[in-house]
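Summary of the model geometry
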Amino acid sequence: MKTLIRIINSFLVFLTANTYGLIITHGHTYLAVVAVFFILINIFPSLYSRKLPTFRLRVCSDGSELLIIFLLSTLLSAIYLIYLAISLIPGSTLSWIISLLIAIAIESIIFWNGIIRVYSTSKQLLIKWRLIGIICGWIPVVNVLVLLKIIRIASKETAFESKKIFIDREREDKQICRTKYPILLVHGVFFRDFKYFNYWGRIPDALKKNGAVIHYGNQQSAASVVDCGKEISQRVRQIAEESGCGKVNIIAHSKGGLDCRYAISKLGSEKYVASLTTINTPHRGSLFADYLLSKMPKGTRSFIASKYNAALKKLGDDSPDFLAAANDLTTSSCKKLNDAISDIPGVFYQSVGSKLNKASGGRFPLNFSYHLVKYFDGPNDGLVSADSFTWGEKTSFLTVSGNRGISHGDIIDLNRENIDEFDVREFYVDLAHDLKNRGF
């Protein structure tokens, strides 16, 4: 039915686009009829979109449908105009030119109506495909291929996001993420918990919709494991005491996992922690980090560190130490840490890891670092090797088929990008649900 309506709409737009020649045959009544249909198609190009759960998704879906109608009707118009040109009788050149201009105007209305809707509502096009669309829009053939890609991205987004919203609505009353203890999200190295840009992407909102209570680590972005551990320890105690919850469930990404292990084992936080879930944490360090720090000239290291520290201080770090943070990610430092601390009985430890299938699956700089980490450490997520993340009673290793994989940034939804076969929000909902079922 959806395909049939699309074909009918495309044919109606084709008739409208080539209305000049047909008016001569059928009169102005024809013009009035096709004008009404043309207006309706521009307002309601698809009945299917009325079933979608939000206004944004309905507009995005309608935009995709208009672009499909544009492609089909333009193809029909081109065939028809070529036919007229071939069979052109003497003295009718002006009529053909008028028909061409009308067709271009009508198809332009459909196109711009569609592209504006998609560009203004799609979140998955990102800057990349918006720019590609603008740049390649004037290149014959290439513009069609790019437009097909834009349609595909927007269409998949509406289906993906609608499914997620309907699932959340169906289980809203179940509160499946309402854990006994609140969840503390702890960020990794060189990032902070900013107010207007969430390090964890769409994950916190997904957890809250399903009943979770969320807090953030708020530790410095670049400091040693010891210093960050102290900040985490203070934060855990603060949440436990001020909220009256007694304990927290920690979910920590990257170096944040090392910081939390230190806080639990050495700084008395075990009294306030029910569980620790580490996400792509380099528990055994990285040979790539060893190599980089050992081979890089001292002057270069100091220069890079000073620039990073200056930038991080402006972003909110009290006393950033780039080199201390980087050194604590080496294999030697992680071995010392693992020898010095041990898991605390009564605290549930588990770990999650992922990998990129190819470098092209990650975004810069992870698509670049992937090759270097693979050379030294083997399969990896762009920063952490598959052999380094495992820790605790339970481990989960994630990837998807094809070239994509799941990167160090994908696992925390840093780019807010939908990935085929892996809904990062649902993964964390399942993770929190499992903690709830375990009594945490």
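Below is a short write-up of the structure. As the structure is a prediction and not an experimental result, all values here were calculated from the model. (Residues numbered from 1 in each chain as written. Predicted model: local features only at pLDDT ≥ 70, side-chain atom pairs only at ≥ 80, totals over all residues. Heavy atoms only, no water.)

1. Some points on the overall build of the protein chain
Along the backbone of the protein chain there are 16 helices and six strands. Since a compact globule built from 440 residues should have a radius of gyration of about 22 Å, the 28 Å found for the protein chain marks it as more spread out than a globular shape. For the protein chain, the spread of C-alpha atoms along the three principal axes comes to 95 × 55 × 40 Å. By the burial criterion, 51% of the 440 residues in the protein chain qualify as buried. Within the protein chain, contacts between residues at least 6 apart in sequence are counted, and of these 77% link residues at least 24 apart. For the protein chain, the accessible surface area stands at approximately 21500 Å², while carbon and sulfur atoms represent 64% of it. In the protein chain, 52 side chains carry a positive charge and 37 a negative one; their mean positions are 3 Å apart. (Helix = DSSP H or I, 4+ residues; strand = E, 2+ residues; numbered from the N terminus. Rg over C-alpha atoms; globule rule 2.2 N^0.38 Å. Buried < 20%, exposed > 50% of the residue type's maximum accessible area, 1.4 Å probe, protein only. Contact = heavy atoms within 4.5 Å. Areas by Shrake-Rupley, 256 points an atom, 1.4 Å probe, with all protein chains shown as cover. Lys, Arg positive; Asp, Glu negative; His and termini not counted. Charge placed at Lys NZ, Arg CZ, Asp CG, Glu CD.)

2. Focus: the environment of Asn-309
Assignment of secondary structure puts Asn-309 in helix 12 (residues 298-314). C-alpha separation for the pair Asn-309 and Asp-321, spaced 12 residues apart in sequence, amounts to 6.3 Å. Contact partners of Asn-309, with chain neighbours within four places excluded, come to Pro-320, Asp-321 and Phe-322.

3. Considerations on the pairing of strand 5 (residues 348-354)
By the criterion of burial, strand 5 is predominantly enclosed, with seven of the seven residues buried. Burial along strand 5 is two-sided: Phe-348, Gln-350, Val-352 and Ser-354 facing one way and Tyr-349, Ser-351 and Gly-353 facing the other are all buried. In the sheet, strand 4 (residues 273-279) pairs with strand 5 via five bridges, with the strands oriented parallel. Along strand 5, the bridge assignment pairs Leu-276 with Tyr-349. Across five bridges, the pairing between strand 5 and strand 6 (residues 394-398) is parallel. (Pairing = 2+ DSSP bridges.)

4. Description of helix 10 (residues 255-266)
With 12 residues, helix 10 extends 17 Å from end C-alpha to end C-alpha; this agrees with the ideal 16 Å at 1.5 Å per step. Of all 12 residues in helix 10, 11 are buried; the element is thus mostly enclosed. Just past helix 10, the residue Gly-268 takes up positive phi, approximately 80°. (Expected span 1.5 Å × (residues − 1).)

5. Focus: the packing of aromatic side chains
Inspection of every chain in the model, using the stated rule, returns 15 aromatic pairs. Between Phe-190 and Tyr-308, the ring centres sit 5.8 Å apart and the planes meet at 40°, which makes this aromatic pair tilted. Of this pair, Phe-190 sits in the loop between strand 1 (183-186) and helix 8 (203-209) while Tyr-308 sits in helix 12; the two residues are 118 residues apart in sequence, bridging distant segments of the chain. For Phe-190, a relative accessible area of 27% puts it in the partly exposed group. On the basis of relative accessibility, which here comes to 40%, the residue Tyr-308 falls in the partly exposed class. Each ring, one from Tyr-291 and one from Phe-376, has its centre 4.7 Å from the other, and the planes form 35°; the classification is tilted. Here Tyr-291, found in helix 11 (residues 287-295), pairs with Phe-376, found in helix 15 (residues 366-377); they are 85 residues apart in sequence, far enough to count as distant. Following the ring pairs from residue to residue traces out a cluster consisting of Phe-191, Tyr-199, Trp-200, Phe-422, Phe-427 and Tyr-428. Seen from the ring of Tyr-119, Arg-130 lies directly overhead, with NZ or CZ sitting 5.8 Å from the centre. The aromatic ring of Phe-197 is capped on one face by Arg-416, whose charged end is 4.4 Å from the ring centroid. (Phe/Tyr/Trp six-rings, centres within 6.5 Å; stacked < 30°, edge-to-face > 60°. Lys NZ or Arg CZ within 6 Å of the ring centre and 35° of its normal.)

6. Regarding the environment of Asn-218
One can find Asn-218 in the loop between strand 2 (214-216) and helix 9 (225-243). The partly exposed category is assigned to Asn-218, whose relative accessible area is 39%. Between the C-alpha atom of Asn-218 and that of Lys-355, which follows or precedes it by 137 residues, the distance is 27 Å. Beyond its immediate sequence surroundings of up to four residues, Asn-218 is in contact with Arg-192, Asp-193, Glu-231 and Arg-235.

7. Quick look at the packing of helix 9 against helix 10
Here helix 9 crosses helix 10 at 70°, and the two axes come no closer than 8 Å. Between helix 9 and helix 10, the angle falls in the class roughly perpendicular. For the pair helix 9 and helix 10, the crossing hand works out as right-handed. Contact residues: Val-225, Val-226, Cys-228, Gly-229, Ile-232 and Ser-233 in helix 9; Lys-255, Leu-258, Asp-259, Cys-260, Tyr-262 and Ala-263 in helix 10. When its residues are assigned to classes, the contact of helix 9 with helix 10 shows eight nonpolar, two polar and two charged. (Axes fitted to C-alpha atoms, helices over the stretch in contact; angles between N-to-C directions. Parallel < 35°, antiparallel > 145°, perpendicular 65-115°, else oblique. Left-handed = near helix turned anticlockwise from the far one by under 90°. Nonpolar A, V, L, I, M, F, W, Y, C, P; charged D, E, K, R; others polar.)

8. Describing the pattern of salt bridges
By the definition in use, this model includes 21 salt bridges. Each of Glu-161, Arg-202, Asp-413, Asp-423 and Arg-425 takes part in one network of salt bridges that share partners. (Salt bridge = Lys/Arg side-chain N within 4 Å of Asp/Glu carboxyl O.)

9. Comments concerning the sheet that holds strand 2
Spatially, 2-1-3-4-5-6 is the arrangement adopted by the six strands of the open sheet, whose pairing is parallel. Since the sheet does not close on itself, it has two edges, and those belong to strand 2 and strand 6, each with one partner. Geometrically, the sheet is characterised by an average inter-axis angle of 20° between neighbouring strands, direction not taken into account. Strand direction decides the pairing type here: strand 1 and strand 2, joined by three bridges, are parallel. Bridge pairing in strand 2 links Leu-185 to Tyr-216. Along the sheet, helix 10 contacts strand 1, strand 3 (248-253), strand 4 and strand 5; its crossing angle with strand 3, the most-contacted strand, is approximately 140°. Docked against the sheet, helix 16 (residues 424-437) engages strand 1, strand 3, strand 4, strand 5 and strand 6, running at close to 165° with respect to strand 5.

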